[in-house]
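Residues per chain are reported as follows:
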Amino acid sequence: MKISARNILKGKVVQVIPGAVNSEIDIALDSGDKIVAIVTEGSVHSLGLAAGKAVIVLIKASSVLVMTDSSGVKLSARNVLSGKISKVSNGPISSEVSITLPGGSEIHATITHDAVDEIHLKEGQPASAVFKASSVILGVPT
Amino acid sequence: MKISARNILKGKVVQVIPGAVNSEIDIALDSGDKIVAIVTEGSVHSLGLAAGKAVIVLIKASSVLVMTDSSGVKLSARNVLSGKISKVSNGPISSEVSITLPGGSEIHATITHDAVDEIHLKEGQPASAVFKASSVILGVPT
Amino acid sequence: MKISARNILKGKVVQVIPGAVNSEIDIALDSGDKIVAIVTEGSVHSLGLAAGKAVIVLIKASSVLVMTDSSGVKLSARNVLSGKISKVSNGPISSEVSITLPGGSEIHATITHDAVDEIHLKEGQPASAVFKASSVILGVPT
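Residues numbered from 1 in each chain as written. Chains lettered and ligands numbered in written order. Predicted model: local features only at pLDDT ≥ 70, side-chain atom pairs only at ≥ 80, totals over all residues. Heavy atoms only, no water.

Colleague: Residue-level account of the overall build of chain A, with values.
Modeller: Per the secondary structure count, chain A includes two helices and twelve strands. The secondary structure elements of chain A, listed N-terminal to C-terminal, are β-β-β-β-α-β-β-β-β-β-β-α-β-β. Against the globule reference of 14 Å for 142 residues, chain A gives a C-alpha radius of gyration of 16 Å, in line with a compact fold. If one aligns the C-alpha atoms of chain A with their principal axes, the spans along those axes are about 45 × 35 × 25 Å. Burial status across chain A gives 59% buried among its 142 residues. Here the analysis covers contacts within chain A between residues at least 6 apart in sequence; of these, 60% occur between residues at least 24 apart. (Helix = DSSP H or I, 4+ residues; strand = E, 2+ residues; numbered from the N terminus. Rg over C-alpha atoms; globule rule 2.2 N^0.38 Å. Buried < 20%, exposed > 50% of the residue type's maximum accessible area, 1.4 Å probe, protein only. Contact = heavy atoms within 4.5 Å.)

Here's what the structure looks like:
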């Protein structure tokens, strides 16, 4: 597979919570982190998603927020991966921020350049990649 | 909290419509505007979302569309905040458009530079920020 | 209507699969391609979505992934439109990739410049636009 998703992680399905239209898929990454994905019930069937199934987790960089301080607020976003900022690349409007997770894998986020300035993001700083369960695309090996 | 979401608004939960996997949260902003959010049922419980609860509404700039003329079409996107374009910043590929709402708060959208040219966006023009209920992240003070 | 969504396609509703909070809408594009959308049940009612209804499909360029090789993996993303890359425009951080579909219409994706380099995207190459059902906004003529 060759696809433009900047974030591709490996894991296993822990649990499938079915709904009429959407289902929640709880995933344990090989790194030990947990991921929650929302996919359509149609995809659950076509991909054969069930507990124990090996999956690939894809997250587009534009779906990822960068959080450096979570004090005082609890968020509805189900996915929070914590690590350290390893790179900040600035363009005139957009910036790409890379966060290295404890296991060594990297998560990339594209955010606005203004956001980088406002929350003073810099390399070496502890930070979390935050994304909604509905931003996750799942893949299964065929 | 320090997070890269460019749009952070305050409000109160009006109603929670529960589903098996996702729930709809209807919110009244302090500015008087209404917001609809879709979050997982898991978040409804962990955040204690219920009518009357104070919430923070976060929307990533990349989730926001800019509409200058709604005539002839009705959209499924549940969130439409109307104001006036206060700033257009162009990069080679991306542009950031800021819309000032009647109450004074600003909404930021990142769209393509080509879209700015095609629909002739300019400062001072009336425009609406349009985003899906599923693009909203909610936060609650802890 | 004037809106910043870079991708606007015409089609007809084939089927509505209702849920408590979200509904799945299956659409046949005028080009023959199929699209799956997830919208809130509230929108199904306010737009009068039902089999046979003419709809406009809007997809923000930032929601679209570009895939050039699908071998070895099956994805949960319900929407895959295949064509040929007609243009790649690179900025320092973001790139815009245009894919021309067999029927002649174009799909635009904004992805990171790094992704363009990593999967070696170039004009003339066969590629698919991939996006989640939850990234689709529907419009109906009024």
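Colleague: Account for the relation of the copies chain A and chain B, with residues named and values stated.
Modeller: Note on the copies: chain A fits chain B at an RMSD of 0.0 Å, the axial shift is 0.0 Å, and the rotation between them is 120 degrees. Put plainly, the chains are arranged around a three-fold axis. (Least-squares fit on C-alpha atoms with pLDDT ≥ 70 in both.)

Colleague: Tell me about the pattern of salt bridges, and name the residues and values.
Modeller: This structure, assessed with the given rule, holds twelve salt bridges over all chains. Note that B:Glu24 and B:Arg78 form a salt bridge whose closest N and O atoms lie 3.2 Å from each other. With B:Glu24 in strand β3 (residues 22-29) and B:Arg78 in the loop between β7 (73-75) and β8 (79-90), the pair connects residues that are 54 residues apart, well separated along the chain. Take B:Glu24: its relative accessible area is 5%, and that puts it in the buried class. According to the relative accessible area criterion, B:Arg78 is partly exposed, its value standing at 26%. Residues joined in a network through salt bridges with shared partners are A:Arg6, A:Glu96, C:Asp114 and C:Glu118. (Salt bridge = Lys/Arg side-chain N within 4 Å of Asp/Glu carboxyl O.)

Colleague: Before we move on, could you go through empty space enclosed by the protein and cite the residues and values that matter?
Modeller: One pass over the structure, following the stated rule, counts four cavities of 30 Å³ or more. Empty space within the largest cavity amounts to approximately 550 Å³. Of all elements in the fold, only β5 (54-59) of chain A together with β5 (54-59) of chain C reach the threshold of two or more residues within the lining of the largest cavity. Lining the second largest cavity are 32 residues; nearest its centre among them are A:Ser62, A:Thr110, B:Ser62, C:Ser62 and C:Thr110. Mapped by element, the contributors of at least two residues to the lining of the second largest cavity are β10 (106-112) of chain A, β10 (106-112) of chain B together with β10 (106-112) of chain C. (1 Å grid on protein atoms, 1.4 Å probe; cavity = no way out; pocket = protein on both sides within 12 Å on 5 of 7 lines; lining within 4 Å. Points joined across faces, edges and corners; volume = space filled by probe spheres on them.)

Colleague: Explain the interface of chain C and chain A to me, and be specific about the residues and the numbers.
Modeller: Taken together, the 36 residues of chain C in the interface contact 39 residues of chain A. Broken down residue by residue, the surface that chain C buries against chain A is led by C:Leu65, C:Lys74 and C:Ile93, which jointly contribute 23%. At the boundary of chain C and chain A, one finds two salt bridges. In this structure, the salt-bridge partner of A:Arg6 is C:Glu118, at a minimum N-O distance of 2.8 Å. Remark: the boundary between chain C and chain A carries 21 residue pairs in polar contact (both at pLDDT 80 or more). Secondary structure elements with two or more residues in the side of chain C that touches chain A: β3 (22-29), β6 (65-69), β7 (73-75), β10 and α2 (113-118) of chain C. (Buried area = accessible area lost by both parts, 1.4 Å probe. Polar contact = N/O pair within 3.5 Å; in protein donor to acceptor, adjacent residues only side chain to side chain.)

Colleague: Tell me about the sheet that holds strand β7 (residues 73-75) of chain A, residues and numbers included.
Modeller: Strand pairing in a sheet relies on backbone hydrogen bonds. The paired strands run either parallel or antiparallel. Taken together, six strands build an open sheet; the order of strands is β7(A)-β12(B)-β5(B)-β2(B)-β3(B)-β4(B) and the sheet is antiparallel. A strand with exactly one partner marks an edge of an open sheet, and here the two such strands are β7 of chain A together with β4 (34-40) of chain B. On average, adjacent strands in this sheet sit at an angle of 40 degrees to one another, irrespective of strand direction. In terms of strand pairing, strand β2 (residues 7-17) of chain B meets strand β5 (residues 54-59) of chain B through six bridges, oriented antiparallel. Counterpart to B:Asn7 in the pairing with β5(B) is B:Ile59. (Pairing = 2+ DSSP bridges. Axes fitted to C-alpha atoms, helices over the stretch in contact; angles between N-to-C directions.)

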